[in-house]
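Each chain, letter by letter, is given below.
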Amino acid sequence: MREDDRIAAIVPEVIGWRRAIHANPELGFAEYETAAFVAVKLKEFGLAVHTDVSATAVVATLTKGTSGKAIALRAELDALPIKEATGLAYASRKDGVMHACGHDGHTAILLGAAKLLAESDSFDGTVVFVFQPAEEVLGGGKRMIEDGLLKRFPVDQVFAIHNWPGFPEGHIGVRAGPQMAAVDDFEIVFRGSGCHAAMPHLGDDPLLAAASFVTAIQRLVSRSVDPLSPAVLSVTQIHGGRFNNFVPGEVKVEGTCRFYDRRLSDHCAAEIERVAQATAAMHGAAAALTYKRGYPPVVNPATGAALTALAGADTVGTERVATDFQPSMGCEDFAFLLQGVGDGAYVWIGAGDVGPGAGLHGDRFVFNDAVVPISIRFFLNVVQRALPAGGR
Ligand SMILES: [Zn+2]
Ligand SMILES: [Zn+2]
């Protein structure tokens, strides 16, 4: 059978797996039934399956030929704490939990690719299939690396896809350089003595210090970051005070920074500390900063981006592969894997236009099953390009 026919033949089954996973979503690090489902399937296909690598992760290997080269392909197992409002026949049966990012689709697609690769001799090397827990917020990818994933399964390159609503259906997007942003969070507590609102001269007014900070920190992006290096800082929470007649002695300010250049993480931490201390000192108050480093940026190395652009052209034709587009200010745990391996790429599979509330993380998000055959073919083409049979 031709490869396209083999893919077409498996698509209904893959969509069935996708919908079964969709109906039974599980939150990060609690993907027990999803992981068990994936492990059973992979064993059925004849892969070597490992469930003792990290939390609920499922890792499987498939080796053909003797090249000794290895790549990893990643999918995510976790769902989101969102109440589904799609009204689909196969909608979530768990109240308040939903596959609203399409990880059900990514998992089913990678299973489909694993099945077809197990049956074929189209590559020479080892493919490591990584089904990771907790991509959303909790950093399951970081945890897998800390638990020794890459030492136990060393690979030369790592690849992942993400369905991308708003990107034309049937198109593939991969750019060399940043594709997703880094996210860091900060929390500052301004402290001083509180006082009666009618006698402000008897206190320090940390609330005024916090207000000064909110305006002063706007200089970070506009005055301290290279204007050609995208960055955004938003103050998102201010908490303090309980009464109209009393100036509080403690005010908490929280916010987030996003950027593409990973060096900006240290820069933002230092600059926020400096401005917090300076504004606190100006008001005779004290400031204590907690800076939380989140996901680093997803920065595709040129080699991995070039390979996936070629694999994308093999899949949908050169004219449907975009390599020059605006990256997203969203973030992605795959950054840790890509950084740990050092080569590979994160690739968008266009899912077409969607209505309000139906984008990623929307409660009316519906995974576009039309991307299933393209995505499977893309994974097969990546494997054939990265691990060519006959030493191409
Ligand atoms: Zn997501
Ligand atoms: Zn996602």
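What counts, and at which threshold
- Residue indices follow the written sequence of each chain, beginning from 1 at its first position.
- Each chain gets a letter, beginning with A, and each ligand a number, beginning with 1, in the order they are written.
- For a predicted model such as this one, the threshold for reporting local features is a pLDDT of at least 70, and the threshold for listing and counting side-chain atom pairs is 80 or more; totals across whole chains, interfaces and linings nevertheless cover every residue.
- With hydrogens and water excluded, all non-hydrogen atoms of the structure serve as input to the side-chain values.
- Atoms of type N, O and S within 2.8 Å of a metal are treated as its donors, and for Na, K and Ca the window is 3.2 Å; water is not considered, so some sites may appear to be missing partners.
- All geometry calls rest on donor angles, where a four-donor set with angles between 85 and 135 degrees is tetrahedral, four- and six-donor sets with opposite donors more than 155 degrees apart and all others between 65 and 115 are square planar and octahedral, and all else is irregular.
- In DSSP terms, a helix is any run of H or I states spanning at least four residues, a strand is any run of E spanning at least two, and both are numbered starting from the N terminus.
- A 1.4 Å probe rolled over the protein chains alone gives each residue an accessible area, and that area as a share of the maximum for its type sets the label: buried under 20%, exposed over 50%, partly exposed in between.
- In this tally, Asp and Glu contribute negative charge and Lys and Arg positive charge; neither His nor the terminal groups of the chain are included.
- Should a side-chain nitrogen of Lys or Arg be within 4 Å of a carboxyl oxygen of Asp or Glu, the pair is scored as a salt bridge.
- Two residues qualify as a contact provided that any one of their heavy atoms is within 4.5 Å of a heavy atom in the partner residue.
- The source of the domain bounds is an automatic or database domain assignment.
- Note on terms: buried area is the combined drop in 1.4 Å-probe accessible area of two parts once they are placed together, counting the loss on both.
- The term polar contact refers here to a pair of N or O atoms within 3.5 Å; inside protein, the definition further demands a hydrogen-donor-capable atom paired with an acceptor-capable atom, and it admits residues adjacent in sequence only when both atoms are side-chain atoms.
- Residues are grouped as follows: Ala, Val, Leu, Ile, Met, Phe, Trp, Tyr, Cys and Pro are nonpolar; Asp, Glu, Lys and Arg are charged; all remaining types, including Gly, are polar.

Draft legend 1. Geometry of the coordination of the zinc ion (ligand 1). The coordination sphere of the zinc ion (ligand 1), as far as protein atoms go, consists of Cys 101 (SG), Glu 136 (OE), Glu 136 (OE) and His 361 (NE2), spread over 2.0 to 2.8 Å. Around the zinc ion (ligand 1) sit four donor atoms; with metal-centred angles ranging over 52 to 154°, the donor geometry is irregular. Mapped onto the polypeptide sequence, the residues donating to the zinc ion (ligand 1) form the spacing pattern C-x34-E-x224-H. If you look at the zinc ion (ligand 1) and the zinc ion (ligand 2), they sit 3.2 Å from each other and are both ligated by Cys 101. Taken as a pair, Cys 101 in the loop between β3 (70-76) and α3 (103-119) and His 361 in the loop between β16 (344-352) and α11 (371-386) lie far apart in primary sequence, 260 residues in all.

Draft legend 2. Quick look at the coordination of the zinc ion (ligand 2). In this structure, Cys 101 (SG), His 103 (NE2) and His 162 (NE2) serve as the protein donors to the zinc ion (ligand 2), at separations of 2.1 to 2.4 Å. For the zinc ion (ligand 2), the single-chain donor residues occur in sequence as C-x1-H-x58-H.

Draft legend 3. Representation of the side chain of Glu 84 in the model. Position of Glu 84 relative to the elements: it lies in the loop between β3 and α3. Put simply, Glu 84 is tucked away with no salt bridge, and the nearest opposite charge, on Arg 18, sits 7.4 Å away. Residues contacting Glu 84, with those up to four places away along its chain left out, are His 22, Ala 91, Ser 92, Met 98 and Asp 363.

Draft legend 4. Summary view of the domain arrangement of the protein. For the protein, the domain assignment lists domain 1 (3-178 + 297-391) and domain 2 (182-293). For domain 1 versus domain 2, the separation of C-alpha centres amounts to 39 Å. Carbon and sulfur atoms supply 66% of the area that domain 1 and domain 2 bury against each other, a total of about 830 Å² over both sides. When the buried area of domain 1 at its contact with domain 2 is split by residue, Pro 297, Met 329 and Cys 331 rank highest and sum to 65% of it. For the interface between domain 1 and domain 2, the tally reads zero salt bridges. Run the count over domain 1 and domain 2 and you get four residue pairs in polar contact (both at pLDDT 80 or more). Partitioning the side of domain 1 that touches domain 2 into residue classes produces six nonpolar, three polar and no charged.

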